[in-house]
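The primary structure of each chain is shown beneath.
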Amino acid sequence: TFQGTASCEASYSIQVRECAPEPVCDIPRIQEVLLMNADTDLAIKPLTDGATINLAEYPFPLNVNAVPEDCEITTVNSVRFELQGPLELSRTESAAPFALGGDNRGDYLPMEFKTGSYQLTLTPFAEKGAKGISGQEEIIKFSVVNVLTGPSGIDSAPHGINSQTARGSGTSGGFASEDIILI
């Protein structure tokens with residue numbers, strides 16, 4: 001038997017956190033656009049508005065992948081691509097991965113970008129074949145160059161040739177980037 005008094009104390013704390021609201025997916029959306037290595041099928045980096053792709057840094061075939069936003073309400077079942085620039089391309093992909101240059105069951109097909117300025121317009125759709133509800137169009141302007149850089153990132157164009165001429169955008173009679181071998 002126990003004799004005496006006993007006391008028991010308990011304390012509780014409740015912590016209230018605000019949660020971010022779930023994204024509303026009432027229309028199909030593109031989450032991000034990625035530059036892809038078509039040899040390894042791995043992402044290189046996001047392709048964003050104003051980006052520059054230096055072919056000298058990527059001596060392998062490229063492709064572009066539109067990654068749809070994951071949503072339970074509306075899913076992306078096709079993406080229409082419109083590429084304007086030195087390489088013109090218009091296509092609709094109706095199965096993931098949604099690749100600008102196409103794919104063979106997830107194996108990205110190679111694209112050969114030419115140097116210059118591009119505009120890529122992507123439109124996601126709820127149904128295959130660019131049908132049904134369309135999502136917001138995304139426009140990405142980017143440029144493609146082919147300039148070797150030294151270890152410090154400085155153009156290594158030969159003395160007397162500025163980087164504009166080395167990129168093939170100098171005055172008429174200048175060199176095209178494919179004609180210059182930088183050492």
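What you see is a predicted model; the values in this text were computed from it and never measured. (Residues numbered from 1 in each chain as written. Predicted model: local features only at pLDDT ≥ 70, side-chain atom pairs only at ≥ 80, totals over all residues. Heavy atoms only, no water.)

Peer 1: Can you help me understand the overall build of the protein chain in this one?
Peer 2: Regarding its fold elements, the protein chain presents one helix and 12 strands. For the protein chain, the proportion of its 183 residues judged to be buried stands at 32%. As displayed, the protein chain offers around 11900 Å² of accessible surface, 50% of which is attributable to carbon and sulfur atoms. (Helix = DSSP H or I, 4+ residues; strand = E, 2+ residues; numbered from the N terminus. Buried < 20%, exposed > 50% of the residue type's maximum accessible area, 1.4 Å probe, protein only. Areas by Shrake-Rupley, 256 points an atom, 1.4 Å probe, with all protein chains shown as cover.)

Peer 1: Where do I start with the side chain of serine 78 in this structure?
Peer 2: With respect to the secondary-structure elements, serine 78 resides in strand 5 (residues 78–84). Within the structure, the side chain of serine 78 is placed 2.6 Å from the backbone oxygen of glutamate 127, a separation counted as a polar contact. Excluding residues that lie within four positions of it along the chain, serine 78 makes contacts with Thr92, Glu93, Ser94, Phe98, Thr123, Pro124, Phe125, Glu127, Lys128, Gly129, Ala130 and Lys131. (Polar contact = N/O pair within 3.5 Å; in protein donor to acceptor, adjacent residues only side chain to side chain. Contact = heavy atoms within 4.5 Å.)

Peer 1: Please clarify how the environment of asparagine 54 should be interpreted in this entry.
Peer 2: Residue placement: asparagine 54 occurs in strand 3 (residues 51–54). Distance in space between the C-alpha atoms of asparagine 54 and valine 144 is 5.9 Å, their sequence separation being 90 residues. Apart from residues no more than four positions distant in its own chain, asparagine 54 is found in contact with Val145, Asn146 and Val147. There is a polar contact of 3.1 Å between the side chain of asparagine 54 and the backbone nitrogen of alanine 56.

Peer 1: Would you mind showing me how to read the nonpolar core here?
Peer 2: In globular proteins that are soluble, nonpolar side chains generally tend to be buried together. Leu47, Ile53, Phe113, Leu120 and Phe142 are the most contacted members of the largest nonpolar core, which has 25 residues in total. At the level of elements, strand 1 (30–37), strand 3, strand 4 (62–68), strand 5, strand 10 (116–127) and strand 12 (138–145) are the ones that each hand at least two residues to this core. Ignoring sequence-local partners within four residues, the contact set of isoleucine 53 consists of Leu35, Leu47, Tyr58, Leu62, Phe142, Ser143, Val144 and Val145. Within the second largest apolar cluster, six residues are counted, among which are Leu34, Ala38, Val67 and Ala99. (Core = buried A, V, L, I, M, F, W, Y, C linked by side-chain atoms within 4.5 Å.)

Peer 1: Can you walk me through the pairing of strand 5 in this structure?
Peer 2: Bridge count between strand 5 and strand 10: seven bridges; the pairing is antiparallel. From the neighbouring strand, glutamine 84 faces strand 10, where its bridge partner is glutamine 119. Bridge count for strand 5 against strand 6 (residues 89–93) is five bridges, and the pairing is antiparallel. The residue of strand 6 that forms the bridge with leucine 83 is leucine 89. Once strand 5 ends, the chain turns through four residues before running back antiparallel as strand 6, passing glycine 85 with a positive phi of about 150 degrees. (Pairing = 2+ DSSP bridges.)

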